[in-house]
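The lines below spell out each chain.
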Amino acid sequence: MTLVISLVGSALIGITIILVGDFDETEMRVLATAGSLAVFSILSLPSLFHLERARYTYLTWVGISASLALFAMVLLVIWSGNVIGGEAFLKTLASVGVIAFATNHTLLMLIATPTKIFVSLCQWATTLIIVTVGVLILVAIWTEEMPETMMRLFGALGVLDALGTITVPILVRMSRPR
């Protein structure tokens, strides 16, 4: 309930700034903060879903922790005016973002409860692809390079990730008895 109240309050502040504000530095920071809260809320939904149901407990806490850490780091950038720690901070911020996104994307995939082995295999294959894509991005962030072969692999895995993310819920729905 607190999150909903925060989102409604942020929306009202954002709308007020957009309709009657001057778009000065403080108002822009408030808008960025409200937007960040919305992104954090959406990003953490799969973690909160599994937390409520006490499923995938460790992964759920990684998702919540990474999402909160990302939100805090983004707020620090918004309100400090400059990046403390420079490149290392930005790499850490990007890494935390990748971990938050990949973890919650995985948890999103695990919301579906397949009853057929084939669909379960597709679900777990998609989860493995999500993790692999995340690792490739982390390697690229910290080495500051992505060779062509790795870029091609990344692209192919991205397509498979999208395919699995879209088709697994459809397959779960289609495989249910009527």
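Up top is the structure these notes are about.
All values reported here derive from a predicted model rather than from experimental measurement.

**Student:** Account for the environment of T149, with residues named and values stated.
**Tutor:** Take T149: it is sitting in helix 6 (residues 148–175). On the basis of relative accessible area, T149 is assigned to the exposed category, the value being 65%. Remark: the alpha-carbon pair of T149 and V159, spanning 10 residues in sequence, is separated by 16 Å.

**Student:** Pulling in residues and values, what's your account of the nonpolar core?
**Tutor:** Across soluble globular proteins, nonpolar side chains have a tendency to be buried as a group. Core analysis: the largest hydrophobic core is formed by eight residues, namely L43, A66, L70, M73, F89, L93, V96 and A100. If you list the elements that add at least two residues to this core, you get helix 3 (57–80) and helix 4 (86–109). Here this core gets four residues from one element, more than from any other, and that element is helix 4. Filtering out sequence-adjacent residues up to four positions away, L70 remains in contact with L43, L93, V96, G97 and A100. In terms of nonpolar packing, the next biggest core, distinct from the first, is built from seven residues, A102, I130, V168 and V172 among them.

**Student:** Would you mind going over the packing of aromatic side chains in detail, with residue names and values included?
**Tutor:** Under the counting rule described, the total for this entry stands at one aromatic pair. Each ring, one from F40 and one from F71, has its centre 5.1 Å from the other, and the planes form 20°; the classification is stacked. A residue pair is termed long-range when its members are at least 10 positions apart, and F40 in helix 2 (residues 25–53) and F71 in helix 3 qualify at 31 residues. Taken as a pair, F40 and F71 share a single burial class, namely buried. Here the guanidinium or amino end of R53 rests over the ring plane of F49, the centre of that ring lying 3.7 Å away.

Reading the values: the criteria
- Residues numbered from 1 in each chain as written.
- Predicted model: local features only at pLDDT ≥ 70, side-chain atom pairs only at ≥ 80, totals over all residues.
- Heavy atoms only, no water.
- Helix = DSSP H or I, 4+ residues; strand = E, 2+ residues; numbered from the N terminus.
- Buried < 20%, exposed > 50% of the residue type's maximum accessible area, 1.4 Å probe, protein only.
- Core = buried A, V, L, I, M, F, W, Y, C linked by side-chain atoms within 4.5 Å.
- Contact = heavy atoms within 4.5 Å.
- Phe/Tyr/Trp six-rings, centres within 6.5 Å; stacked < 30°, edge-to-face > 60°.
- Lys NZ or Arg CZ within 6 Å of the ring centre and 35° of its normal.

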